[in-house]
2 protein chains.
Amino acid sequence: MTSAHRPATLDDVARLADVSRSTASRVVAGTGFASPAARDRVLAAVDRLGYVPNATARALVRGGGVRLVVAVSGVTAAVLDDPYVDRVVGAAARACASYPVGVVLHWLPLHGSATLERIARDRGVAGVVLVNATEPLLDTIPAGLRGRIASIGIGTPTVPSFDVDNAGGADQVVRHLYASGRRRIAMVTGPRWLSCAGRVVGAYQRIMRESGLPVRLVSGDFTAERGRAAAGELLARWPDTDAVFAVNDLTALGVIAGLRETGVRVPGDIAVAGFDDIPHAALNTPALTTASHPVGPIAAAAATAVLHNRPVPPVTSFPSALVRRTSA
Amino acid sequence: MTSAHRPATLDDVARLADVSRSTASRVVAGTGFASPAARDRVLAAVDRLGYVPNATARALVRGGGVRLVVAVSGVTAAVLDDPYVDRVVGAAARACASYPVGVVLHWLPLHGSATLERIARDRGVAGVVLVNATEPLLDTIPAGLRGRIASIGIGTPTVPSFDVDNAGGADQVVRHLYASGRRRIAMVTGPRWLSCAGRVVGAYQRIMRESGLPVRLVSGDFTAERGRAAAGELLARWPDTDAVFAVNDLTALGVIAGLRETGVRVPGDIAVAGFDDIPHAALNTPALTTASHPVGPIAAAAATAVLHNRPVPPVTSFPSALVRRTSA
DNA sequence: GTGAAAGCGCTAACAC
DNA sequence: GTGTTAGCGCTTTCAC
């Protein structure tokens, strides 16, 4: 620890330890050979100088890149405002702390691969984590990104996917509804173009058919506002509905609000369940029954896979657990 | 746009444009002189090659650093789990998109400046944004960080502060409570060591004293759980309370839940207001009256200030607006 | 206006 | 084992 003014370089360390820069480098980077004596002297010098390797220089020579791009696709840049995106970025930023890499957030126009092309050519980019990717977008992934890209959501053979087990979670929710005696279970879906939502809806439909129960779908858009409206539509079309499964918690919260405004009791008259277990699910009155969605671990895994850039299975599925609370 | 395999370098551009690397550099970086003819040729080459400057190499020569560290201080690393932190990181990551800089997230032990020392010596670090900094921590900021550090919350003469106008927001809330006829207004505070909360409490106390009203304080810890418990304590100590002002929304939401469990009507019997306007505030039943807290803009401003590293006023205050809903 | 040359701090062959 | 020698891709004096 010397005068804080000019941070020590590897040269300073080498000089103080009386070895060559190469030797110092080997010791510090933990690669290659060095005699115990040399190693000790170098380590001592590092300590005395408070030497911290310059990640920039390292990245330059190794060509690894220093930024992890979290790219969220959507119609407008407003998709970045979703708290979900913040959770992904937060987890990614934490995962990056062990690497000399930082996270940046980009919006990806729904089909615009020009942005992606540019990112692929940016040598400062260590890797890309896609969020909300669509099939058309996945079809246009630049070849240069191969091996350093991952997708949170759907993937392709060349873009590994990291996602919650949507079908499994939905399955548990619907079975729970069924087990508690509900038989006329409606579902509020998401916008059509997002296939992760498709999995949940698919699972719902399958179970309903298997059990010989009616399929009742109302489309939503992931917002609470729309959920509230959907509650009304639902009541109007199928007044005997006794349970509602919403594709995500926000929608479910909206449904509950909409239902209660009409004087319907939850869960007394109609049970309501969501999917995601967002922080506020537990806070709501009534507390929301839902299926967990480990966003943090998923994002961390995706980021780590990209950073490690060693072979990854094409699909990594994270289990979703039923969270029983009072709304269903 | 050539074969995507080896991204073009400045050398390629220079060669294609038939100028020296220096000239190409000047044109691309927009610095220094170049004849219109040369400039055109270079730009054309850039376009044809799809050249993207290598931020790493730039950072190395300019010595600017490539990572922005968001450092959150707290008792344990669990402070990073707060959704608030994710919002800060998300906003910072967005702000970084215009710079060759990425964000990493670090936990800072409450008084441990060793971590900060290390960060200060890391030449890969472009700057630091402190979150939840305490006075003891601010006193130990390494000199090497001067000019490239900012604090979200309290600051010092050398560490610029970016924060919501806590006093102003609290002022509005209390006045609103008063204006709607409430006179026995209690407050649920935060943990003692965080001075941002202190501002809010201070404002409450001042107004109450000025108005000749009783000061009623119950201490909380920013969690809904504690808010729920605080509601009980409060009722027991001052049964005639007709309004509760909680230091943050989470606490307020807990207070509401606690109150309703006891059969108290909100806002009928007791009005409840919070501070922050978190996403769930609008969703709650009853919807929470609160004061806004522009976390995104604050974080973006702090990040930008650090990245720009040009002189910044010691305190930048962001207005807080009263958000009238139904709970008060 | 433009080019040659000297690094930024580090790693990785390749000799010794 | 260890040092020497080249670079990684870019910016920036400093001559011409």
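Residues numbered from 1 in each chain as written. Chains lettered and ligands numbered in written order. Predicted model: local features only at pLDDT ≥ 70, side-chain atom pairs only at ≥ 80, totals over all residues.

Attention now goes to the pairing of strand S6 (residues 185-189) of chain A. Residue and element names in this part refer to chain A. With five of five residues buried, S6 lies mostly within the body of the structure. Burial along S6 is two-sided: the residues Ile-185, Met-187 and Thr-189 and Ala-186 and Val-188 are all buried. Bridge analysis of S6 against strand S8 (residues 243-246) gives four bridges, and the strand direction is parallel. Within S8, the residue paired with Ala-186 across the bridge is Val-244. (Buried ≥ 20, exposed ≤ 12 C-beta atoms within 10 Å, placed from the backbone. Helix = DSSP H or I, 4+ residues; strand = E, 2+ residues; numbered from the N terminus. Pairing = 2+ DSSP bridges.)

In this section: the protein's contact with DNA strand D. Residues in close proximity to DNA strand D total 30 residues, the closest being Ser-20, Ser-35 and Val-61 of chain A together with Leu-10 and Ser-22 of chain B. The element contributing the most residues to the surface near DNA strand D is helix H2 (residues 21-29) of chain B, with six residues. Its residues placed into classes, the surface near DNA strand D shows 14 nonpolar, nine polar and seven charged. (Near = placed C-beta within 6 Å. Nonpolar A, V, L, I, M, F, W, Y, C, P; charged D, E, K, R; others polar.)

Quick look at unusual backbone geometry now. Following Val-266 of chain A, the chain continues into Pro-267 of chain A via a peptide bond in cis, with omega recorded as 5 degrees. On the secondary structure map, Pro-267 of chain A appears in the loop between helix H11 (249-261) and strand S9 (271-273). The amide bond that connects Thr-285 of chain B to the next residue, Pro-286 of chain B, takes the cis arrangement and shows omega of 0 degrees. Along the chain, Pro-286 of chain B falls in the loop between helix H12 (279-283) and strand S10 (290-291). One non-glycine residue with positive phi stands out, namely Asp-277 of chain A, at about 55 degrees. Of note, Asp-277 of chain A is situated in the loop between S9 and strand S10 (290-291).

What follows concerns the environment of Val-52 of chain B. Along the chain, Val-52 of chain B turns up in the loop between helix H3 (36-49) and helix H4 (55-62). The class for Val-52 of chain B is partly exposed, based on 19 C-beta atoms found within 10 Å. Taking the C-alpha atoms as reference points, Val-52 of chain B and Ala-8 of chain B, 44 residues apart in sequence, are found 7.5 Å from one another. Excluding anything up to four places from it in sequence, Val-52 of chain B contacts Arg-118, Arg-121 and Asp-122 of chain A together with Pro-7 of chain B. (Contact = placed C-beta atoms within 7 Å.)

Before going further, it helps to examine the domain arrangement of chain A. Each assigned domain of chain A is listed here: domain 1 (10-51), domain 2 (58-164 + 295-318) and domain 3 (166-291). For domain 1 of chain A versus domain 3 of chain A, the separation of C-alpha centres amounts to 62 Å. (Domains from an automatic or database assignment.)

What follows covers helix H1 (residues 10-17) of chain A. All names here are of chain A. For H1, the complete set of buried residues consists of Leu-10, Val-13, Ala-14 and Ala-17. The arc that holds the buried residues of H1, viewed along the axis, is 95 degrees, so those residues lie on one side. Of the surrounding elements, those touching the buried residues of H1 are helix H2 (21-29) and helix H3 (36-49). (Arc of directions from axis to C-beta.)

On to the relation of the copies chain B and chain A. Least-squares fitting of chain B to chain A yields an RMSD of 0.1 Å, with the transformation described by 0.0 Å of translation along the axis and a rotation of 180 degrees. A rotation of that kind, with that shift, is consistent with a two-fold axis. For chain B, the minimum C-alpha distance to the rotation axis belongs to Gly-102 of chain B and amounts to 1.9 Å. Comparing interface residues between copies, 98% of those in chain B also sit at the interface in chain A, which points to an isologous, same-surface contact. (Least-squares fit on C-alpha atoms with pLDDT ≥ 70 in both.)

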